[in-house]
Amino acid sequence: MNPLVIGNKTAAIPIIQGGMGVGVSMGKLSGAVAKEGGIGIISTAQIGFYMADFPHNPKECNLKAIEEQLLLARQLSGGNGLVGANIMVALADYHAHVRQAVACGADVIISGAGLPLDLPALTAGSDVKIAPIVSSLRAAQVIIKKWLRSDHRLPDFVVIEGPKAGGHLGFKPEQLPDIPDYDEEIRRIIDFVNETAEENGTAIPVIVAGGIWDRQDIEHAFSLGASGVQMASRFVCTHECDAADAYKQAYISAADGDLRIIKSPVGMPGRAISNRFLQQLETETFRPKKCLGCLAGCKPNEIPYCITERLIMAVQGDVDNGLLFCGANAGRIDRIVSVHELMQELASS
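Quick caveat, the model's predicted, so the values are computed rather than measured.

How each quantity is defined
- By convention here, each chain's residues receive numbers from 1 onward along its written sequence.
- It should be noted that, the model being predicted, local features are given only for residues of pLDDT at least 70 and side-chain atom pairs only at 80 or more, the latter also being counted only at that level, while totals for whole chains, interfaces and linings use all residues.
- To obtain the side-chain values, all non-hydrogen atoms of the structure were used and water was disregarded.
- What makes two strands pair is DSSP finding at least two bridges between them.
- A run of H or I in DSSP counts as a helix once it spans at least four residues, and a run of E counts as a strand once it spans at least two, with each numbered from the N terminus.
- Relative accessibility decides the category of a residue: with a 1.4 Å probe and only protein chains considered, values under 20% of the type maximum give buried, values over 50% give exposed, and everything between is partly exposed.
- Contact definition: two residues touch when any of their heavy atoms are within 4.5 Å.
- Among the buried residues, those of types Ala, Val, Leu, Ile, Met, Phe, Trp, Tyr and Cys that are joined through side-chain atoms within 4.5 Å form a nonpolar core.
- Only the stretch in contact is used when fitting a helix axis, every axis being a line fitted to C-alpha atoms; angles between N-to-C directions are given from 0 to 180 degrees.
- Each helix crossing is assigned a hand: it is left-handed if the near helix lies turned anticlockwise from the far helix by less than a right angle, otherwise right-handed if that turn is clockwise.
- Gly is placed with the polar residues, together with every amino acid not listed as nonpolar (Ala, Val, Leu, Ile, Met, Phe, Trp, Tyr, Cys and Pro) or charged (Asp, Glu, Lys and Arg).
- Orienting the strands away from the viewer, one traces the path from the first strand over the helix to the second; a clockwise path indicates a right-handed crossover.

**Some words on the sheet that holds strand β12 (residues 259-263)**
- Spatially, β9-β13-β12 is the arrangement adopted by the 3 strands of the open sheet, whose pairing is antiparallel. Only two strands of the sheet have a single neighbouring strand rather than two, namely β9 (167-168) and β12.
- Sheet topology places β9 next to strand β13 (residues 269-273); 2 bridges connect them, and they run antiparallel. Across the sheet, the residue bridging to histidine 168 is glycine 270, located in β13.

**Observations concerning helix α9 (residues 245-253)**
- For α9, every residue scored as buried is listed here: Tyr247, Lys248, Ala250, Tyr251 and Ile252.
- The inward-facing, buried residues of α9 contact α8 (233-236), β13 and α11 (307-315).

**Regarding the environment of proline 180**
- As for its position among the elements, proline 180 is in the loop between β9 and α6 (182-199).
- Given a relative accessible area of 85%, proline 180 falls into the exposed group.
- Along the chain, proline 180 and proline 163 lie 17 residues apart, while their C-alpha atoms are 9.9 Å from each other.

**Focus: the nonpolar core**
- In terms of nonpolar packing, the biggest core is built from 105 residues, with Ile15, Phe235, Tyr251 and Leu323 touching the most fellow members.
- The element that contributes the greatest number of residues to this core is α6, accounting for 7 residues.
- If near-sequence neighbours (up to four positions away) are discounted, phenylalanine 235 is found in contact with Ile15, Gln17, Met20, Leu29, Val33, Cys241, Val339, Leu342 and Met343.

**Thoughts on the packing of helix α1 (residues 27-35) against helix α2 (residues 58-77)**
- Relative to each other, α1 and α2 sit at 35°, their axes nearing to 7 Å. The interaxial crossing formed by α1 with α2 has right-handed handedness. Mapping the contact onto sequence places Gly27, Lys28, Ser30, Gly31, Ala34 and Lys35 in α1 and Gln69, Leu72, Ala73, Leu76 and Ser77 in α2.
- Looking at side-chain class alone, the contact of α1 with α2 contains 4 nonpolar, 5 polar and 2 charged residues.

**Thoughts on unusual backbone geometry**
- For the peptide bond that leads from glycine 21 to valine 22, omega is 0°, which places it in the cis range.
- Inspection of the secondary structure puts valine 22 in the loop between β3 (15-17) and α1.
- Of note, the phi angle at glutamine 46 is positive, near 45°, even though the residue is not glycine.
- Looking at where glutamine 46 falls in the secondary structure, it is placed in the loop between β4 (39-43) and α2.

**Some details on the pairing of strand β8 (residues 158-161)**
- Judged by which residues are buried, β8 turns out to be covered on both faces: Val158 and Ile160 on one side and Val159 and Glu161 on the other are all buried.
- Where strand β7 (residues 129-134) and β8 come together, 2 bridges link them in parallel fashion. In the strand pairing of β8, isoleucine 133 is matched with valine 159.
- Where the polypeptide runs from β7 across helix α5 (residues 137-151) and back to β8, its parallel neighbour, the crossover connection is right-handed.
- Of the pairings in the sheet, the one linking β8 to strand β10 (residues 206-209) comprises 4 bridges and is parallel in character. Within the sheet, the bridge partner assigned to valine 158 lies in β10 and is valine 206.

Spelled out as structure tokens, the structure:
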């Protein structure tokens with residue numbers, strides 16, 4: 001594998017560990033990935049959930065946790081690889097999270113779950129490398145043209161997230177679980193990015209994400225023109241993953257038939273492991289007792305459940321009543337390994 005070069009920053013192994021919230025990818029996991037030469041990513045979504053004051057002061061706890069977890073990741077990396085943050089546009093405190101990640105020295109910020117049109121302005125004057133997550137050529141065109149017009153800059157890299165990814169997905173529910181010709185869309189996006197980069201005398205690496213499982217998938221992404229890949233679900237079942245052991249075991253126990261496409265409280269589709277909570281949700285609602293201010297488009301009086309509450313339950317080990325997002329290949333995971341073992345497996349020819 002060739003190193004992943006992003007401007008003046010380089011990762012020896014062109015693998016990004018995808019951001020997973022709430023609390024699944026924090027400093028411990030991302031630091032371990034960076035130590036192996038990859039790019040380790042924390043998710044800032046309700047990242048301060050573990051702090052005692054979180055129920056009363058979530059915004060400040062999240063900002064403090066961003067600092068703590070990026071520092072931890074940096075320490076654990078031993079100076080290898082890169083560390084950064086995945087920050088969803090849909091977050092109520094999106095701007096504050098971006099500014100905090102910049103202030104805390106993130107190498108990269110990856111931003112999706114919406115169009116990150118303000119990301120260049122929020123990171124102006126810093127050396128942080130920024131990337132939008134896109135799922136269509138149209139989204140890539142809108143974002144890149146807006147950044148050029150308003151901020152006179154291009155993305156440092158671009159992440160293409162396909163329909164096999166986990167978490168919030170940039171597709172309509174009827175397009176999931178798969179799009180047969182998505183490789184063609186990837187090629188179209190890469191061609192557009194490359195043409196734009198060439199016109200502006202620079203290089204913009206493109207990263208392919210969604211359903212990446214093994215070295216064969218990585219080689220396939222390279223054959224489409226990608227410079228690297230982003231993977232998330234396979235990093236869940238590592239010793240260093242920040243989630244509870246019961247969370248990891250739920251992945252191991254899940255079969256392909258246990259994976260479902262769901263709708264989050266704010267309407268975005270996602271993929272999750274079926275459990276008692278999702279079964280109850282078919283006939284019941286679980287109105288939140290208190291709003292924790294996570295997503296900008298959330299209306300607490302109308303939603304069927306609080307996504308923060310259910311994601312926290314899951315990551316702390318209540319896998320029957322929590323929400324477990326996952327990628328399309330989660331059912332293939334059958335054991336827990338170290339990050340070192342996984343990275344060696346993926347990087348070896």
